[in-house]
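# Understanding the architecture of this molecule
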Amino acid sequence: MSLYADTAAAYARYRREDPRIAAAIHAGLGGARTIVNVGAGQGAYEPRDRDVTPVEPEPAMTAAAGRHAVQGVAEALPFEDKSFDAAMAVLTIHHWPDWRRGVAEMHRVARERVVIFTWDPRRTRDLWLVREYLPELGDIDEARFPRPDELGDVQVVEIPHDCTDGFQGAYWRRPEMYLDPLAQRAISSLERLPDAIKARGLGALAADLESGAWAERHADLLERETLDLGYRLVVAYAS
């Protein structure tokens, strides 16, 4: 069973669309009416008032959300050139074996624009979880993510403290969530860590939460509503 099939149930529960991030993505899509969502997963962030065609390689992901998608991979989209007004991809290009080819395919099938919500690997240690407890996460993510400025025009997307989409940076003000085993399974980088490394780092976090050391060290975060952790919206226009 693939990592994504094995974690589909956790994604369905913890990777729910955040309306503030959705607003940024939908604004980036502009007036596009027909959209292909590449690496669509369970459909978060797809505009409900537009014609969206989801493409997803893992059937378990779509099945867990009770929906259907075109089964396919980003590197070989099964559509004619310029089939859609726009192509979108949300926190997925780091999962693609060849992100350059996948992004090129998005440009091939989009008439107007390509919109990608991603993360800047140069910011890998901005999140205290990585910097203080699990630096190995940084090694995983730096190798998987392209720099956003390689992809198009870049917009900062700050992450709200109560973000409903449980990706890696979502719990920056809710550290106890990183100790939830099911929440962990919805974070692909955590799932890629060896069990011993994960147990070491999360055990240290649990001890710091119990002692109050985490709260003392990060009192400034508890006053913040949003935080820039390197998440970026990229828009590239057709030439």
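## Comments concerning the layout of surface pockets
Think of a ball as big as a water molecule: rolled over the atoms, this probe shows where empty space is left. For the largest pocket, the calculated volume is near 770 Å³. Elements represented by at least two residues in the lining of the largest pocket include exactly β1 (34–38), α7 (136–144) and α9 (188–192). A class-by-class count of the residues in the lining of the largest pocket yields 21 nonpolar, 15 polar and eight charged.

## Notes on the environment of G169
Among the secondary structure elements, G169 is positioned in the loop between β6 (159–160) and α8 (181–185). Expressed as a C-alpha distance, the spacing of G169 and D228, which sit 59 residues apart in the sequence, is 9.6 Å. Once residues within four sequence positions are removed from consideration, G169 is found in contact with L127, I159, Y178, L229 and Y231.

## As for the nonpolar core
Proteins that are soluble and globular tend to have nonpolar side chains buried together. Ranked by size, the top nonpolar core spans 52 residues in total, and within it I21, I25, F117, W128, L129 and Y178 carry the most contacts. In contact with L129, other than residues within four places in its own chain, are L134, L137, Y178, L202 and L205. V36, A74, F84 and V114 belong to the second largest nonpolar core, which has 20 residues in total.

## Some thoughts on the pattern of salt bridges
With the rule as written, the count across this model stands at 25 salt bridges. Salt-bridge contacts for E17 lead to R48; the nearest nitrogen and oxygen are separated by 3.5 Å. Here R48 lies in the loop between β1 and β2 (51–55) and E17 lies in the loop between α2 (8–14) and α3 (19–28), a separation of 31 residues in the sequence. The salt bridge involving E191 is made with R185; its shortest N-O contact spans 3.1 Å. Under the relative-accessibility criterion, E191 is labelled buried at 19%. Overall, R185 belongs to the partly exposed group, its relative accessible area being 25%.

Parameters at a glance
Residues numbered from 1 in each chain as written. Predicted model: local features only at pLDDT ≥ 70, side-chain atom pairs only at ≥ 80, totals over all residues. Heavy atoms only, no water. 1 Å grid on protein atoms, 1.4 Å probe; cavity = no way out; pocket = protein on both sides within 12 Å on 5 of 7 lines; lining within 4 Å. Points joined across faces, edges and corners; volume = space filled by probe spheres on them. Helix = DSSP H or I, 4+ residues; strand = E, 2+ residues; numbered from the N terminus. Nonpolar A, V, L, I, M, F, W, Y, C, P; charged D, E, K, R; others polar. Contact = heavy atoms within 4.5 Å. Core = buried A, V, L, I, M, F, W, Y, C linked by side-chain atoms within 4.5 Å. Buried < 20%, exposed > 50% of the residue type's maximum accessible area, 1.4 Å probe, protein only. Salt bridge = Lys/Arg side-chain N within 4 Å of Asp/Glu carboxyl O.

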